[in-house]
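Inside the fold
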Amino acid sequence: MSKYDTQRLLIMRKRKNRLVAKRYFTAAVLIVIFLFGVASIVYSIRNDDMHHVSNGQELSEDEYFASVPDEVGVIMVNGSYYNDMGAETTYTVYEPDYFTEYEYEEILPIVPAPYELFTAYSLPHTHPDSFANFSTYTRIESSLYPIHFGMPGDYSHLGVTTFRGNNFRNSASWGNATVTQERLEIRYQMNIGRMERTDTITCAQASCTVPNCAEVHRRVIRWTGVGWPGQPAIVQWDPEVQQMMNLHPEMRDREGLVEVIYGALDGFIYFFELETGRETRPRINFGEPAKGSVSVDPRGYPILFVGQGDLMRGNRFGKYMFSLIDGSELFFLNGRDNFSLRMWGAFDGTPLIDAVNDKMVIIGENGVVYSMELNTVFDRDEQAISIDPVISRYRYTGSRVLGTENSPVGFSHYIFFADNSGLIQCLDLRTLEPVWVFNAGDDTDASLVAEWEEEYQRLVLYTGTSVDLQGHGGSAHIRKLNAANGDVLWEYSIRAHFNPSFNGGVMATPVVGEHDISDLVIFWVAQVINRGGGGTLIAFDKQTGEIVWETVLPVFGWSSPVAVYTEDGTSYLVVSDSQGDMRLIRGTTGEVLYRIRLGSNVEASAAVFGNFLVVGTRGERIFGIEIM
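This text gives an overview of the structure that appears in the document. (Residues numbered from 1 in each chain as written. Predicted model: local features only at pLDDT ≥ 70, side-chain atom pairs only at ≥ 80, totals over all residues. Heavy atoms only, no water.)

The next point concerns empty space enclosed by the protein. This structure, assessed with the given rule, holds two cavities of 30 Å³ or more. Taken as a whole, the largest cavity holds about 60 Å³ of empty space. For the lining of the largest cavity, the per-class residue count stands at six nonpolar, seven polar and three charged. In this structure, the second largest cavity occupies an estimated 40 Å³ of space. Lining the second largest cavity, in full, are F502, F556, G557, W558, S578, N601, V602 and E603. The class makeup of the residues in the lining of the second largest cavity is four nonpolar, three polar and one charged. (1 Å grid on protein atoms, 1.4 Å probe; cavity = no way out; pocket = protein on both sides within 12 Å on 5 of 7 lines; lining within 4 Å. Points joined across faces, edges and corners; volume = space filled by probe spheres on them. Nonpolar A, V, L, I, M, F, W, Y, C, P; charged D, E, K, R; others polar.)

Once that is clear, we can look at the layout of surface pockets. Roughly 740 Å³ of internal volume is contained in the largest pocket. Taken together, 25 residues form the lining of the largest pocket, with K291, E405, P500, S501 and W558 sitting closest to its centre. Residues that form the lining of the largest pocket fall into these classes: nine nonpolar, four polar and 12 charged.

Bringing the environment of E453 into the picture now. Turning to its location among the elements, E453 is positioned in strand β30 (residues 449-453). Sequence separation between E453 and P114 is 339 residues, and the spatial gap between their C-alpha atoms is 9.4 Å. With residues up to four places along the chain from it excluded, the contact list for E453 reads R458, V460, Y462, K480 and Q543. One polar contact links E453 to Q543, side chain to side chain, over a distance of 3.1 Å. (Helix = DSSP H or I, 4+ residues; strand = E, 2+ residues; numbered from the N terminus. Contact = heavy atoms within 4.5 Å. Polar contact = N/O pair within 3.5 Å; in protein donor to acceptor, adjacent residues only side chain to side chain.)

Per the stated rule, a full pass over the model turns up 28 salt bridges. A salt bridge links R393 to D337; the nearest nitrogen and oxygen atoms lie 2.7 Å apart. Placement of R393 in strand β25 (residues 390-397) and of D337 in the loop between β19 (329-334) and β20 (352-354) is noted, with a sequence separation of 56 residues between them. The same class applies to R393 as to D337, namely buried. Through salt bridges with shared partners, a single ionic network connects D577, D581, R583, R595 and R597. (Salt bridge = Lys/Arg side-chain N within 4 Å of Asp/Glu carboxyl O. Buried < 20%, exposed > 50% of the residue type's maximum accessible area, 1.4 Å probe, protein only.)

Glancing now at the side chain of D310. Within the secondary structure layout, D310 lies in the loop between β17 (303-307) and β18 (318-323). Judged by its relative accessible area of 5%, D310 falls in the buried class. Within the structure, the side chain of D310 is placed 3.2 Å from the side chain of R197, a separation counted as a polar contact. Side-chain polar atoms of D310 contact the side chain of W223, separated by 2.9 Å. Beyond its immediate sequence surroundings of up to four residues, D310 is in contact with R197, I221, W223, E288, P289, F317 and W344.

This next bit is on the nonpolar core. In this structure, I261, I269, L304 and M372 are the most contacted members of the largest nonpolar core, which totals 64 residues. Among all residues touching L304, those that are not within four sequence positions of it are I261, I269, F271, I284, V294, S295, V296, Y320, M321, F322 and L324. (Core = buried A, V, L, I, M, F, W, Y, C linked by side-chain atoms within 4.5 Å.)

A word on the packing of aromatic side chains. In this structure the tally under the stated criterion is 23 aromatic pairs. Judged by centre distance (5.5 Å) and plane angle (85 degrees), the ring pair of F118 and Y414 falls under edge-to-face. In this pair, F118 sits in the loop between α3 (114-117) and β6 (135-139) while Y414 sits in strand β27 (residues 414-418), placing the two residues 296 residues apart along the sequence. The same class applies to F118 as to Y414, namely buried. Ring centres 6.1 Å apart and planes at 5 degrees place the aromatic pair Y320 and F322 in the stacked group. One exposure class covers both Y320 and F322, and it is buried. Through pairs of rings, three or more aromatic residues link up here, namely F118, F168, F411, Y414, F416, W436 and W452. The cationic tip of R283 hangs over the ring face of F268; the distance from NZ or CZ to the ring centre is 4.2 Å. (Phe/Tyr/Trp six-rings, centres within 6.5 Å; stacked < 30°, edge-to-face > 60°. Lys NZ or Arg CZ within 6 Å of the ring centre and 35° of its normal.)

What follows concerns a negative patch on the surface. Together, D516, D519, E567 and D568 give the surface a local cluster of negative charge. With respect to the secondary-structure elements, D516 resides in the loop between β36 (511-512) and β37 (520-526). Using a relative accessible area of 35% as the deciding quantity, one classes D516 as partly exposed. (Patch = residues over 30% accessible without salt bridge, like charges linked within 9 Å, V, L, I, M, F, W, Y side chains within 5 Å. Areas by Shrake-Rupley, 256 points an atom, 1.4 Å probe, with all protein chains shown as cover. Lys, Arg positive; Asp, Glu negative; His and termini not counted. Charge placed at Lys NZ, Arg CZ, Asp CG, Glu CD.)

Pairing is antiparallel in the open sheet, where four strands are placed in the order β16-β17-β18-β19. Each end of this open sheet is capped by a strand with a single partner; those strands are β16 (295-296) and β19. (Pairing = 2+ DSSP bridges.)

When glycine is set aside, most residues are seen to have a negative phi, and most peptide bonds are trans. Cis geometry is adopted by the peptide bond preceding P146, which originates at Y145 and carries an omega value of 5 degrees. Considering the arrangement of structural elements, one finds P146 in the loop between β6 and β7 (159-160). The linkage connecting W228 with the following residue, P229, adopts the cis geometry, with an omega of -5 degrees. By the secondary structure assignment, P229 is in the loop between β11 (217-224) and β12 (233-236). The phi torsion at S412 lies on the positive side, around 55 degrees, for a residue other than glycine. Accessibility expressed as a relative area gives 5% for S412, which makes it buried. With a phi close to 55 degrees, L432 is a non-glycine residue in the positive phi region. Residue placement: L432 occurs in the loop between β28 (423-428) and β29 (433-439). Judged by relative accessible area, L432 falls into the buried class, the value being 0%.

Glancing now at the sheet that holds strand β42 (residues 581-586). Ordered in space as β40-β41-β42-β43, the four strands form an open sheet in which the pairing is antiparallel. Both edges of this open sheet fall to β40 (562-565) and β43 (592-597), since each of them pairs with a single strand only. Put simply, the sheet's adjacent strands are angled 20 degrees from each other on average, direction ignored. Note: β42 against β43, five bridges, orientation antiparallel. From the neighbouring strand, I585 faces β43, where its bridge partner is V592. (Axes fitted to C-alpha atoms, helices over the stretch in contact; angles between N-to-C directions.)

Moving on, we get to the state of the cysteines. Linking two cysteines covalently via their sulfur atoms produces the bond known as a disulfide. All chains considered together, the criterion is met by zero disulfides. Of all cysteine sulfurs, the one in C213 lies closest to C203, which takes part in no disulfide; the gap is 4.0 Å. Among the residues examined, C203 registers a relative accessible area of 26% and is labelled partly exposed. The structure places no disulfide on C208, whose sulfur is separated from the nearest cysteine sulfur, that of C213, by 3.8 Å. For C208, a relative accessible area of 21% translates into the label partly exposed. (Disulfide = S-S within 2.5 Å.)

Next comes the structure, spelled out in structure tokens:
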């Protein structure tokens, strides 16, 4: 073949390839046109159908177009329908003497989240500058922004991970209970211990009246069992995390394991199965009394937070953070902080954790608010957890030495807390500056409880004081506050005995009712005068502050009552007292349904998971109790 024949063959092949390409292109164009046509027909049919629907009901053409006299030139019909996405579409139809297309105005239902609607501000009487001798100091070392707390139902999905369950501190129960017999049954109990030390004290402290006494007086400090507020954590772990922790082999493989974690005054952290009380892993030898409630990282990370109640054996006094993978210590926050004005390093309150931004807020009895960047690293592949906190601090001065024993409430970028002097504060976490301050009039140990009132689009706080600074003749002050500005929405005062060893008044965190008691807030008041010095359970109407029912019990208590609900919303209260009695009470009426004896003072607060509750006593025992 000559070179010319070769060239001609190449030219013919190129022409053939171009022809094939043109055919493919033409076919593709025809397919696109066909699909477009089909789509247009479907759209047209659907559009016609949609225009004949109003509020989900099909209308005939006669019903759709209003009948008017012929001389009227314009017909206007307003209506609405719902599209596939659930959004409401409004439309206006015109039929004038000239042609106008239908016009659609899309209205998407945009409802701001409550935390987006909330902004705190001060009133003249709650502005921080209106309080004499009130001044603040900060040490900013971490990034304060962003930080955020949302609705309580979003705080954690593990169970009861912190005191009163979430950032509103409104629930120590998880899930629903099945109640058929309306009684309580002890399923197991375990013995725990005590911790003691002997101090040398002065004659005055020993109430010695001997002139020129040369005797050395000694005092025994004894912590027994579980103390106030003493709530356990009850969690159901993610199976992957469960497999990497130092659980006993039979517990590591237990499907649906629900674990109880309890800190006691004997210096140990106990771990056991909810329904049987069997040990799930080795105890952590804390070495110091764990007086406050333990808490678990709400993200499901294997981190445990434990507060120290007293200094008994060592020289460290503060807040501990442990790995639940191997029980090792991850971090220690020293409560004897040189930034503090008070060197008492106890932490009765539990922290709040912002899961999205890896931040934590905790307040100590040293009067310092800690805002912490945790810098958490959780390596699931390596089965390792670490934190490297960077800490900012806020402190303030007032009329006396300050300290906080309750757990803060968090919402949006604010926290709310009370202290031993009676001050309640709203603190902006983006600046660590107080927004408003309210003087409650006495020591406030019980945690505040928050509620978002949808009807009024506002956040409210419920709070009560003990009788401490007032002394004899004082009253417990129960209030509902507007969380935006600290204004009092209603208040009620009730006289209670003063006792330096066992405070009267409100030491228990209240129950903010849901379901069939959604209109009630219930306070447990100790050592009430004119009621035999016992305890009184008072249910207030949330909106008016009027008493709906009142149940007087012969013995007072500090233990926070717990609300339990059945699937249909029927409410029950579990209330414990200083004599060791636990009662099951009807939430709507205050009627006592059942009582069991636990043998000794119950200062601690119970936590509930389904039908089981767990609580410790000062009598050196922990009980597992079924609600029947």
